[in-house]
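# Structural characterization, general
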Amino acid sequence: RDPPPTATLIRRHPAPRDPRTRGPADMVTRTDFATIVPVLIVTLSACAVLLAESIRRPHDKVYHGWFGLIGLAGGIYTSIQQWGFDRTGFGVIVADNYALFFNVVICAIGLLTILLSSGSAEQDKIPTGEYYALMLFSIAGMMLMGSTRDLLVIFVALEIMSLGVYVLTAIKRGSEEGAEAGYKYFVLGAFSSAFFLYGIALAYAATGTTKIDEIGMLVASSGQQPDMVLLLVLSMIFLIVGFAFKVSAVPFHMWTPHAYQGAPTLVTGFMSTAVKAAAFAAFARVFATSFDLFRDEWLPILSAIAGLTMVL
């Protein structure tokens, strides 16, 4: 039997929802979006640079840095606006004060780099469109590194950051020294990424999760099980190697002199500050949360590495 016309009308035209009766799902959606707004603004500014470069005529002069300045200023503003709320979005993105502080620091470094690049990039014959786009995409990856509590997301963010910096190192296309520096940085960076990913795999094998807070809780609640302890110790070693490569800590610093010497001066300044800040942000969050139970084991190792790095 055909349904009565009134029922059909009701199904096709449901009554509008009262905005005062939003459920928890709506609140979660807004919170999720708020946590990624700083990274999203920087990413959109990088896309704007690419778009401006793609429609630019050969003899037109476009100051792509304005897109970067606007995007990074927006990233700083939206990070400051979220200070003190301690939001969590999508289950893995964290907008606590720790992450927001590093967002502001990294965006501030990017702003200073862009301001210093005005005129210098043209003098060094650097393609400005590619230069600013790669820098902004790298900054987006850096911001994501300190704003997540999942090891796999940290790895993805690490690769987003690294791929941009690899190309920036060799962005002087006519420089053989720059090409050599970019190649060495890429090869050793891929080597360190393999160590980092293997450390993630061992942590997952021991605990069944890649979320750093859940790893810490499982380690604390499971006691000193020999099999789990062995896997976690190996995981810590591989993660330390991966992070030490990124911060150019001794003895994993062999790529640094070549990359810093071959890259343009602006890129060297950017790598020696922003990349290190992002790596330390992720490093401290992972080890202080997941492996706090083994602090007595990894703290002396890191202290020795830090002392050797400052001396050698």
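A brief look at the structure comes next. None of these values were measured; they are calculated from a predicted model.

## Some remarks on the packing of aromatic side chains
For the coordinates displayed, the defined rule picks out 18 aromatic pairs. For the ring pair Phe-155 and Phe-196, a centre distance of 6.4 Å and an interplane angle of 10° mean the geometry is stacked. Of this pair, Phe-155 sits in helix 7 (residues 151–169) while Phe-196 is found in helix 8 (residues 176–207), placing the two residues 41 residues apart along the sequence. The exposure classification of Phe-155 matches that of Phe-196, with both residues buried. Between the aromatic rings of Phe-191 and Phe-245, the centroid separation amounts to 6.0 Å while the plane-to-plane angle is 85°, which identifies the pairing as edge-to-face. Note that Phe-191 is positioned in helix 8 and Phe-245 in helix 10 (residues 226–246), a separation of 54 residues in sequence. Ring pairing ties together the aromatic residues Phe-155, Phe-196, Phe-243, Phe-283, Phe-287, Phe-291 and Trp-298, which thus form one cluster.

## Considerations on the nonpolar core
Soluble globular proteins tend to bury their nonpolar side chains together. Core analysis: the largest hydrophobic core is formed by 79 residues, its most contacted members being Tyr-131, Val-286, Phe-287 and Phe-291. In terms of residues, this core owes the most to one element, helix 12 (residues 265–289), which gives 13 residues. When residues no more than four places from it in sequence are discounted, the contact partners of Val-286 are Leu-151, Ile-154, Ile-212, Leu-239, Phe-243 and Phe-291.

## Thoughts on the layout of surface pockets
Where empty space is left can be seen by rolling a probe of water-molecule size over the atoms. Empty space within the second largest pocket amounts to approximately 250 Å³. Val-247, Ala-249, Phe-280, Ile-305 and Ala-306 are the residues nearest the centre of the second largest pocket, which is lined by 14 residues in total. Sorting the residues of the lining of the second largest pocket by element identifies helix 10, helix 12 and helix 13 (295–311) as the ones contributing at least two each. Counting residues per element, the lining of the second largest pocket draws most heavily on helix 13, at 5 residues. Partitioning the lining of the second largest pocket into residue classes produces 12 nonpolar, 2 polar and no charged.

## Remarks on a nonpolar patch on the surface
Taken together, the side chains of Leu-163, Tyr-183, Phe-186 and Val-187 make up a nonpolar region of the molecular surface, amounting to roughly 410 Å² of accessible area. For the nonpolar patch, the element with the highest residue contribution is helix 8, accounting for 3 residues. Here Tyr-183 lies in helix 8. Residue Tyr-183 is classed as exposed on the basis of its relative accessible area, which comes to 58%.

## Some words on helix 3 (residues 65–81)
Here helix 3 spans 24 Å end to end across 17 residues, near enough to the 24 Å set by a 1.5 Å rise per residue. Listed as buried for helix 3 are Gly-65, Gly-68, Leu-69, Gly-71, Leu-72, Gly-74, Gly-75, Ile-76, Thr-78 and Ser-79.

## Section: unusual backbone geometry
Each neighbour pair has its own omega, and for Val-250 with Pro-251 the value is 5°, a cis peptide bond. Relative to the helices and strands, Pro-251 is located in the loop between helix 10 and helix 11 (256–262). Of note in the backbone geometry, Phe-90 takes a positive phi value of approximately 60° without being a glycine. Relative to the helices and strands, Phe-90 is located in the loop between strand 1 (87–89) and strand 2 (93–95).

The rules behind each value
- Residues numbered from 1 in each chain as written.
- Predicted model: local features only at pLDDT ≥ 70, side-chain atom pairs only at ≥ 80, totals over all residues.
- Heavy atoms only, no water.
- Phe/Tyr/Trp six-rings, centres within 6.5 Å; stacked < 30°, edge-to-face > 60°.
- Helix = DSSP H or I, 4+ residues; strand = E, 2+ residues; numbered from the N terminus.
- Buried < 20%, exposed > 50% of the residue type's maximum accessible area, 1.4 Å probe, protein only.
- Core = buried A, V, L, I, M, F, W, Y, C linked by side-chain atoms within 4.5 Å.
- Contact = heavy atoms within 4.5 Å.
- 1 Å grid on protein atoms, 1.4 Å probe; cavity = no way out; pocket = protein on both sides within 12 Å on 5 of 7 lines; lining within 4 Å.
- Points joined across faces, edges and corners; volume = space filled by probe spheres on them.
- Nonpolar A, V, L, I, M, F, W, Y, C, P; charged D, E, K, R; others polar.
- Patch = residues over 30% accessible without salt bridge, like charges linked within 9 Å, V, L, I, M, F, W, Y side chains within 5 Å.
- Areas by Shrake-Rupley, 256 points an atom, 1.4 Å probe, with all protein chains shown as cover.
- Salt bridge = Lys/Arg side-chain N within 4 Å of Asp/Glu carboxyl O.
- Expected span 1.5 Å × (residues − 1).

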